[in-house]
Amino acid sequence: MQTSVKFKAAAGVLAVLTAAGVAAWIYQIMGGLGVTGMNNGTSWGLYITCFMFFVGLSAGGLIVASSASVFHVKEYKKVALPAVILSTVCICLAGMFVLIDLGGIQRIYQLLLSPNVMSPLFWDICVISLYLVINVIYLVFMLSKKSGAQDRVAIVSRFALPVAILVHSVTAWIFGLELAREGWYSAIMAPLFVVSAMDSGLALLLLSLMGLNRSGLFKTDKKLLSNLAGLLAVCIAIDGFFVGCEILTMAYPGAAGTETLAIMATGATAPFFWFEIVAGILIPFVILVFAKNRARMGLVAFASICVIVGVFCKRVWLLLTSFIEFNVAGAPGVISGSSAAAHASGTDVWALAGAYAPTWVEIVVVVGVVSLGILSFMVLCRKLLPGNRAAADAESSGKGAIGEIA
Amino acid sequence: MSEANGSQNVLTRRSFLKASGAAVGALGLAGTAMLTADEWLAPAQAHADEQERTGYTFHYRHCQCNCHLKCTVRDGRMAFIEPNDWPDKRNETICLKGISEIQHVYSVDRLQVPLKRVGERGSGEFVEITWDEALDAVAQGIQKVWSDYGKQAIAYMPSVDTLSVNLGRILGAQEKPHRGIDIGLGNGFSPAIAESGGQGAASNEMKDWKNAKTILNVGCNVLETCMVTAPYFFEALEAGAEIITIDPNYCTTAAKSSRWIPIEPGTDAALYLGMMSLILENEWYDEAYLRENTSMPFLVDEADGSLLRDHPAESPKETGADNPFMVWDAVSDSMQPYDADGVDPKLDASIEIDGKTYSTVFRKFKKQHEAYPIEWAAEKTGVSEEVLREITEKYACNGPSILSFGFGGADKFSNADVSGHAAVVLATLVGTFGSEDGAGAGAYVNAYQKVFGAGKLPNWPLPEECKAASAPKESVDIRDDKSGIRMLYFQDGAIQQCSANMNETAKWIDTLDFVVAQEIYHTPSVDYADIVLPTCSHFELDQEIGSLRALRGHALLQQKVLDPLFESRTDFWIETEIAKRLGYGDAIPESYEELVRYQLDNAKDEAVKGITLEELIESNGVVALNDQPEIARSYVGQKYATASGKIDLYYENLVNYGQALPAWEDPCEAYAGNPLRDEYPLQFFQRRTKYHIHCNMVDSTWIQQFFKPSVEMNPVDAESRGLASGDIVEVVNDRGSFSCECVITNAIRPGTVAVVEGIWDKYLESGAIQSVTNDTAIDRGPALPKGRVIPFNDTLVEVKKA
Amino acid sequence: MTRFGLAIDLSRCTGCNTCVMACKMQNNVPMSLAWNRVVVEDCDFEVGAVGTYPNLTRSYLPIACQHCENPACLRVCPTGATYKDDKGRVEIDYDKCIGCRMCMAACPYNARVFNWEDPVRDPDFNYGDKDVPVRPKGVVEKCTLCKERTDRGDEPMCVRCCLSKARTFGDLDDPESEISRLVREKKAGVLLEEQGTRPQVHYFN
């Protein structure tokens, strides 16, 4: 029963972390968002970063799964089920981050009572809900043993693909439509989000499949993994291209964009920017562009991790850079209002520029949410993946098979 | 922190109402408006159903503004402050300081209970005592000093904002003896025109600026220090006046003026002297005005510098009517009394009679000015010749002109009286006084409410022996042996504000027999007191009616807003209790109301006559004084209360000091070639701000959100010392040092550093600002009308990383 | 229609912060929040100046909610908590605010502040106009153009208290009003015009 012990140990650890996250979240609800590092200058932080990040991660899975049906890519069909599970879990996490970030979650019903259809956040909430529903339907049909279920999968996939693209676009528009923020206001924001979603999502799918391989819950061909890694290389290239386009557009007029760029290149968010460029785009692309590297699972895994961390860094610099400089600059700046400032005295309540660092509360909450995600993925895979279902069936009907799987 | 030792701090801010509730009980007053600590701590709720009440009072007059305020009290707490309604709508003002009283009346630095010193003077170690103990101790201390040394051994240093009425006279003390502050320019400016306050108050009020074309504003940051005048400043600009602010630093007023001209600190007199040279050279002076209205045609004996009179004068104060001044009459070509019929005095003449040479004041003035050519002035002041020519021509030829100065700059240099004297001569040359609308000179911040729109209220009659003592003539400084001072009774941070060279001052205080502080807040000065009496802010009264002022053209009544907070008592209550203990219980009014009624009923001032307390209460505390002009001006009709009845520019009493006419004298420390600069190269300037009135409001947490104590210096000086904004720096010279954060800004003149005056020691990293300031007393101090000036800004320091 | 707005004479602003303090009191604004501020443009310190001694400039810019005709904050609010009222003011219905802070990201003026935690007041009670609602933690707040005062026919508190008389309040839709005259005659401009928000706070020199 080795696997089970390992599984239980892992699940136990994850459950504890999840519980810690929940506790931190309750603490945050009691104390208010002042327990985070956010403030009036930088009014969004780690939670919204994670929201963007997980919306993106959920894409890879669904795009692979649905393109398998839409474009009849046969090999991809094999991994469609874990891909959709992954996608479902990630979109749930993304949604949770939005809710966790709300200061007045007790008034959330106002979204239904008096929605403002002009708000990109409202669009996003709608699209994410729709996306989640499609994921679940997808999952239900995929798991259905009824006849015709596969046809239904094909039909759902035709909706799923555009909705997946839309969900990332709408998330992008939360930022991309804000004229007030130099670094966000850009038409390329939606394509950039989509392609970042694809590369990070694919990378996560690759890692998950490798993990499932190792756990024995689900077997994937190395060839298919290499194939997916090839697709990842293409996505990274497109991502790099879009980032390049954006930067050129910011830099070339020598106008306001240059200042924002300077913050990215040499200022507070520079480590994140350069990490993404080097470790998130250049290194994984250089690795994966060669077929022989794509065959080496260690390198593929390394490249995938680079891509995921790189995309996370991109979310960080994309979000935070535009909070740093105030459009109307000058002393005393903006009254920061943050928790630290509320207990600060004197002129320390003001900030000349936006500044942000997550507090332990935010980090614990994020760790908790991610733990919950991993736990859910593990449980769902165990329950839903075919190999495992067989094993589970076997287990319930007697003993034996499990040992072999291990 | 000194206050950590004060046991009064066991009372936290949150528990203060409990304490003050007890105090109210002790006084037998209705405590219904008070809350218990529990209620105080109750969470905030929507407050629509709470009880509201309105009270009216005035705020500080020290900033000259004296805003009258309408205050809303909700559940016993002052929740809203707004300008009261005035008959003259221009006076409906409030500034950030007034508004911040919402918090400041409850400041953690409020003195809550009477204290008795237990540690060294200055250590801030106190124990709580009861009011009876405190008052008995004060009375005994006073009586001991009275019997040991006499009443004049007490120095009473009330604040401008004190609401004490008779205390100084009951003590029989020297009042504000030789305090040497805000009198420097007036020493030189006021005698010429016999300006009533002697502090250089302007000849017209700032409302008249809009009628001027050229306004020279020299070293006066009026937009911060007397904020209610802002509309008049901008009205003038909008009417087309050119406001030229001359200031070493780019202060707020400089930034808002038509033009800013930087100047070397302490050289204002050189500026005026250079300008006068140009006026003489170009004959831009108003010759007829000088002949008719000034002492310029008076004859001076070249041998001894005395003014030639009809017969030898026994004192320079002998009036011209009794003993006329002599002039050279152009019609008869003979010497004549200046007031003789049909006399046409020569302005620029020198004659020889019986082997003696007599020159007109003007001739001497011209001759003296040969030493101050424009090139010289340019070098001294750092203002280019070209700019000097330009502003002089504007000032002299594009009138009406204003010459405005303040108390924050030249006033605090050893040569302040020379600057003041030069200013009054300069203004006279172009015919400023008593002439057309919009022409004027002097300290506008002072004139604003002190001279103009001020009604005189009679003193409460006290027994004969109750009168203030005058400071001994031979004393120049309260700290010298000749002052005879053995006891200090002060209010409102007087020690910190009025003392330079704090370490020396502290030594002097240590020699005193008894020191009493009567204060609202625990200012640094309090730490030097033996007994501390906590007094109320202007918002608190134990009676419905408080004190009366007649300022800004209105009678202004203080009425109750809040009951006394903590265990504080009103100034009136304290003085009553002391008077009782000194045997004058029956001699003083029973209440503020009795006093106010007396003041109104017995008013001799036409402006006040007829105003009743009932009318004041009916009008929420503000009633216009009678017959106030739209714009007030002095010297109308060329009337001067001087010895000659004209503008007496020649100061005969200063002949021996070489200052009968303004003669350049370097500042005593912060002059260009001082060898001390090798060690202490930076001139140290204490500037004022909109955030405080001297040491008042420094402890307001609302204001602290905008102001942080810092040493301001130019990038040039910072770079050479390796300093960056935010560094903790030490400001040091041989007298002492203090340290706080530094801020690097181009608004400060290279070679100088500035710090806001009045900052409490506890808000600095270490030390006290006044520990570095210059306390030198110049020789001619005793000869000046208000004594020597304390040259606070005439200070050299070095700044280094702490 | 009524379209309330402000016209601010920058040449008269001395950066004294009385408007900030008046607003704080009137609206019961807690410590570490402010509905308006006076910015010393392009300086890191209030006592700063632009340029090198003695060639210096300094300009003060009072800034708060601009009560835009085309408010970026209003568009993005998912629950319609931010709304444009019948008098042309941009207001917040605190009961609808879910604290998502979309509006803060959208406002180009950093005019909005958030109750990151239970308001900390010094002194610890609700001061100010008793008609002003008390805001809980988790909602956004900002200048209301003194809704409670202007509904009663009074001027906003910042206008009432401005010592320099730099501020004029009135109805921009009334061509006869003082504010309309000033905007017209002084050729008043708006802040960050390129943002397309069409502020109802006008600035002139």
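Residues numbered from 1 in each chain as written. Chains lettered and ligands numbered in written order. Predicted model: local features only at pLDDT ≥ 70, side-chain atom pairs only at ≥ 80, totals over all residues.

What to know about the overall build of chain A
Convention followed: To qualify as a helix, a DSSP run of H or I must reach at least 4 residues; to qualify as a strand, a run of E must reach at least 2; elements of each kind are numbered from the N terminus. Two things to know: the radius of gyration comes from C-alpha atoms, and the globule rule equals 2.2 Å times the number of residues to the power 0.38. Any residue with 12 or fewer other C-beta atoms within 10 Å of its own C-beta is exposed, any with 20 or more is buried, and the rest are partly exposed; the C-beta atoms used are placed from the backbone. C-beta atoms are first placed from the backbone for all residues, and any pair lying within 7 Å is then listed as a contact.
Within chain A one finds 16 helices and three strands. Since a compact globule built from 406 residues should have a radius of gyration of about 22 Å, the 22 Å found for chain A is in line with a globular shape. Seen through its principal axes, chain A has C-alpha atoms that stretch 75 × 45 × 40 Å. Taking all 406 residues of chain A together, the buried fraction comes to 53%. Taking contacts inside chain A between residues at least 6 apart in sequence as the whole, the part at least 24 apart equals 77%.

Section: the interface of chain B and chain C
Heads up, the condition is: When residues are grouped by polarity, Ala, Val, Leu, Ile, Met, Phe, Trp, Tyr, Cys and Pro land in nonpolar, Asp, Glu, Lys and Arg in charged, and all others, Gly among them, in polar.
Each partner contributes residues to the interface: chain B has 47 residues there, and chain C has 37 residues. Elements supplying a minimum of two residues to the side of chain B that touches chain C: β3 (77-83), α3 (96-99), α4 (101-104), α9 (230-238), α10 (252-256) and α23 (701-704) of chain B. In terms of residue count, β3 of chain B provides more of the side of chain B that touches chain C than any other element does, five residues in total. Considered class by class, the residues forming the side of chain B that touches chain C number 26 nonpolar, 11 polar and 10 charged.

Looking at the sheet that holds strand β15 (residues 356-360) of chain B
Residue and element names in this part refer to chain B. Under the convention used in this document: Note on pairing: two strands pair once DSSP finds at least 2 bridges between them. To get an axis, a line is fitted to the C-alpha atoms, and for a helix only the part in contact is used. The angle between two axes follows their N-to-C directions and goes from 0 to 180 degrees.
In space, the three strands of this open sheet follow the order β11-β15-β14, with antiparallel pairing throughout. Across the chains shown, the open sheet's two edge strands, defined by having one partner strand only, are β11 (299-301) and β14 (350-353). Between one strand axis and the next, the sheet turns through 30° on average, direction left out of account. Across the sheet, helix α13 (residues 361-368) lies against β11, β14 and β15, angled at about 85° from β15, the strand it touches most.

With respect to the nonpolar core
As a reminder of what qualifies: Any set of buried Ala, Val, Leu, Ile, Met, Phe, Trp, Tyr and Cys residues joined through C-beta atoms within 7 Å is what this text calls a nonpolar core.
The biggest cluster of nonpolar side chains holds 453 residues, and the ones touching the most others in it are F97 and L232 of chain A together with A423 and V753 of chain B. The biggest single contributor to this core is helix α3 (residues 74-101) of chain A, with 17 residues. Excluding its chain neighbours within four sequence positions, the residues that come into contact with V753 of chain B are L682, F684, F685, V711, E712, M713, V731, I748, V797 and V799 of chain B.

Points about the interface of chain A and chain C
Listed as interface residues are 44 residues of chain A and, on the opposing side, 50 residues of chain C. Contributing elements (two or more residues each) for the side of chain A that touches chain C: α4 (110-113), α5 (120-143), β1 (330-331), β2 (334-335) and α13 (339-343) of chain A. Take the side of chain A that touches chain C: its biggest share by element is four residues, from α5 of chain A. Where β1 of chain A lies against strand β2 (residues 37-41) of chain C, two bridges are found, and the strand directions are antiparallel. Directly across from A331 of chain A, in β2 of chain C, lies its bridge partner V40 of chain C.

With respect to the confidence of the model for chain A
We apply this condition: The pLDDT score gives, residue by residue, the confidence of the prediction method on a 0 to 100 scale.
When pLDDT is averaged along chain A, the result is 87; 92% of the residues meet or exceed 70. Confidence over residues 390-406 of chain A falls short of pLDDT 50; this stretch has 11 contacts with residues more than four positions distant or in other chains.

What about the sheet that holds strand β22 (residues 554-559) of chain B?
Residue and element names in this part refer to chain B. The sheet built from three strands is open, its strands ordered β21-β22-β23 with antiparallel pairing. Each of the sheet's edge strands pairs with one partner strand only, and the pair in question is β21 (545-551) and β23 (622-624). The average undirected angle you get between the axes of adjacent strands in this sheet is 15°.

Examining the environment of R788 of chain B
Its location among the elements puts R788 of chain B in the loop between β29 (766-767) and β30 (795-801). Taking the C-beta count within 10 Å as the criterion, R788 of chain B has 25 such neighbours and is therefore assigned buried.

Some thoughts on helix α1 (residues 18-26) of chain C
Three or four residues apart is the spacing at which side chains of an α-helix point the same way, because the helix has 3.6 residues per turn. The buried fraction of α1 of chain C is high, at nine of nine residues. Those residues of α1 of chain C that fall on the buried side of the exposure criterion are T18, C19, V20, M21, A22, C23, K24, M25 and Q26 of chain C.

A look at the pairing of β2 of chain C
Residues and elements named next belong to chain C. Taken across its five residues, β2 has four buried, putting it largely inside the fold. In this structure, β2 lies alongside strand β5 (residues 60-63), joined through four bridges in antiparallel fashion. Note that in β5 the partner of R37 across the bridge is I63.

Quick look at the environment of F566 of chain B
Within the fold, F566 of chain B resides in the loop between β22 and α20 (571-581). Taking the C-alpha atoms as reference points, F566 of chain B and Q112 of chain B, 454 residues apart in sequence, are found 5.1 Å from one another.

So, the packing of helix α11 (residues 268-281) of chain B against helix α15 (residues 385-397) of chain B
All names here are of chain B. What counts here: Angle categories: roughly parallel below 35 degrees, roughly antiparallel above 145, roughly perpendicular from 65 to 115, and oblique for all the rest. Crossings are assigned a handedness: left-handed for a near helix turned anticlockwise from the far helix by less than a right angle, right-handed for a clockwise turn.
In the contact formed by α11 and α15, the axes pass within 10 Å of each other and the chain directions differ by 65°. With respect to α15, the axis of α11 lies roughly perpendicular. As α11 runs across α15, the sense of the crossing is right-handed. Each of G274, M275, L278 and I279 in α11 lies in contact with α15, whose residues at this interface are L388, R389, T392, Y395 and A396.

What to know about the confidence of the model for chain C
Taken residue by residue, chain C gives an average pLDDT of 96. The fraction at 70 or more is 100%. For this predicted complex, the interface score ipTM comes out at 0.97, alongside a pTM of 0.92.

Some thoughts on unusual backbone geometry
The linkage connecting A331 of chain A with the following residue, P332 of chain A, adopts the cis geometry, with an omega of 0°. If you trace the backbone, P332 of chain A turns up in the loop between β1 and β2. A cis amide bond, omega 5°, links D122 of chain C with the succeeding residue P123 of chain C. In this fold, P123 of chain C is placed in the loop between β8 (113-114) and β9 (140-141). Although it is not a glycine, N501 of chain B sits at a positive phi angle of roughly 50°. Among the structural elements, N501 of chain B can be located in the loop between α18 (494-498) and α19 (502-510). Given 23 C-beta atoms within a 10 Å radius, N501 of chain B is considered buried. A positive phi angle, close to 50°, is found at R198 of chain C, a residue other than glycine.

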